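Now for the letters of each chain:
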Amino acid sequence: MYAMVYTRLDIAYAVGVVSRFLSNPGKAHWEAVKWILRHLRGTTKLCLDFGGCDPVLEGYTDSDIAGCLDGRKSTSGNVFTFAGGAVSWQSKLQKCMVLSTTKAEYIIAVEAGKEMLWMKRFLQELGLKQKEYMVFCDSQSTIDLSKNSMYHSRTKHIDVRYHWLRSVTEDKLMVLNKIHTDKNIADMLTKVIPSGKFDLCTQLAEFRSK
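Residues numbered from 1 in each chain as written. Predicted model: local features only at pLDDT ≥ 70, side-chain atom pairs only at ≥ 80, totals over all residues. Heavy atoms only, no water.

Enquirer: Would you mind going over the sheet that holds strand 5 (residues 134–137) with me for this structure?
Expert: Across the sheet, five strands lie side by side as 4-3-2-5-6; this open sheet has mixed pairing. Strand pairing shows two members of the sheet lacking a second neighbour, strand 4 (85–93) and strand 6 (175–178), which therefore form its edges. Adjacent strand axes in the sheet meet at a mean angle of 20°, parallel and antiparallel pairs treated alike. Relative to strand 5, strand 2 (residues 57–63) runs parallel, the two sharing four bridges. Bridge pairing in strand 5 links Thr-61 to Cys-137. With respect to the sheet, helix 4 (residues 101–125) is in contact with strand 2, strand 3 (75–82), strand 4, strand 5 and strand 6, its orientation differing from that of strand 2 by roughly 160°. (Pairing = 2+ DSSP bridges. Helix = DSSP H or I, 4+ residues; strand = E, 2+ residues; numbered from the N terminus. Axes fitted to C-alpha atoms, helices over the stretch in contact; angles between N-to-C directions. Contact = heavy atoms within 4.5 Å.)

Dropping the structure here:
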């Protein structure tokens, strides 16, 4: 958990999954933990690398749909990069069950928006400003919902408190933008992905060997 929180975003999803069974772990869970430890031992030279590009803050969000087989809740993930390297990340179960992929993606977009505004103010206090503060999402329906206040049968169940995202985007405090799934770093925080995609995500987060 310590490694995951401070430097190892690559194990965030795996640690989050096994942590759900801390109160009553079984042999299968212990085997999973050993695989995580083997991964850490085999990648001791990996580290976060900064300065590879301009000092720009960017965010990435993603969510699965009902990935938890016990409670049928979705897993949300977001990553924020600055100067190319990841500076903040999160992988956790959503607090409520959702009825559509759009709602799952919309909820994490709201959480990412809050984090983006906090980091934006922090950087501005340090004298660092940029033209636009981008949060990337691979769900076009979520982006459309953040811009369109019209209700219809597929979105009327979304709680009003999540529509805070609309006012933020309307005020141009941040921009919610589309990104292709293949380039979305947050994918590795929400689900099991192929090794090739996993390596790509870590590279995009500037997570590389010393």
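Enquirer: Explain the packing of helix 4 against helix 5 (residues 140–147) here, please?
Expert: For any two helices packed against each other, one specifies the inter-axial angle together with the distance between the axes. Interaxial distance between helix 4 and helix 5 falls to 9 Å at its minimum, and their mutual angle equals 65°. Of the two possible hands of crossing, helix 4 and helix 5 adopt the one that is right-handed. Residue-level contacts link Thr-102, Glu-105, Tyr-106 and Ala-109 of helix 4 to Ser-141, Thr-142, Leu-145 and Ser-146 of helix 5. Classifying every residue of the contact of helix 4 with helix 5 gives three nonpolar, four polar and one charged. (Left-handed = near helix turned anticlockwise from the far one by under 90°. Nonpolar A, V, L, I, M, F, W, Y, C, P; charged D, E, K, R; others polar.)

Enquirer: Before we go on, may I ask you to explain the environment of Asp-64 in this structure?
Expert: Tracing the backbone through its elements, the reader meets Asp-64 in the loop between strand 2 and strand 3. Once the C-alpha coordinates of Asp-64 and Asp-187 are considered, the two residues, 123 residues apart in sequence, prove to be 8.8 Å apart. Within the structure, the side chain of Asp-64 is placed 2.5 Å from the backbone nitrogen of Thr-75, a separation counted as a polar contact. (Polar contact = N/O pair within 3.5 Å; in protein donor to acceptor, adjacent residues only side chain to side chain.)

Enquirer: Help me understand the side chain of Ser-91 in this model?
Expert: With respect to the element layout, Ser-91 can be found in strand 4. For Ser-91, a relative accessible area of 18% puts it in the buried group. A distance of 2.4 Å separates a polar side-chain atom of Ser-91 from the backbone oxygen of Leu-189. Excluding anything up to four places from it in sequence, Ser-91 contacts Ala-12, Tyr-13, Thr-75, Ser-76, Gly-77 and Leu-189. (Buried < 20%, exposed > 50% of the residue type's maximum accessible area, 1.4 Å probe, protein only.)

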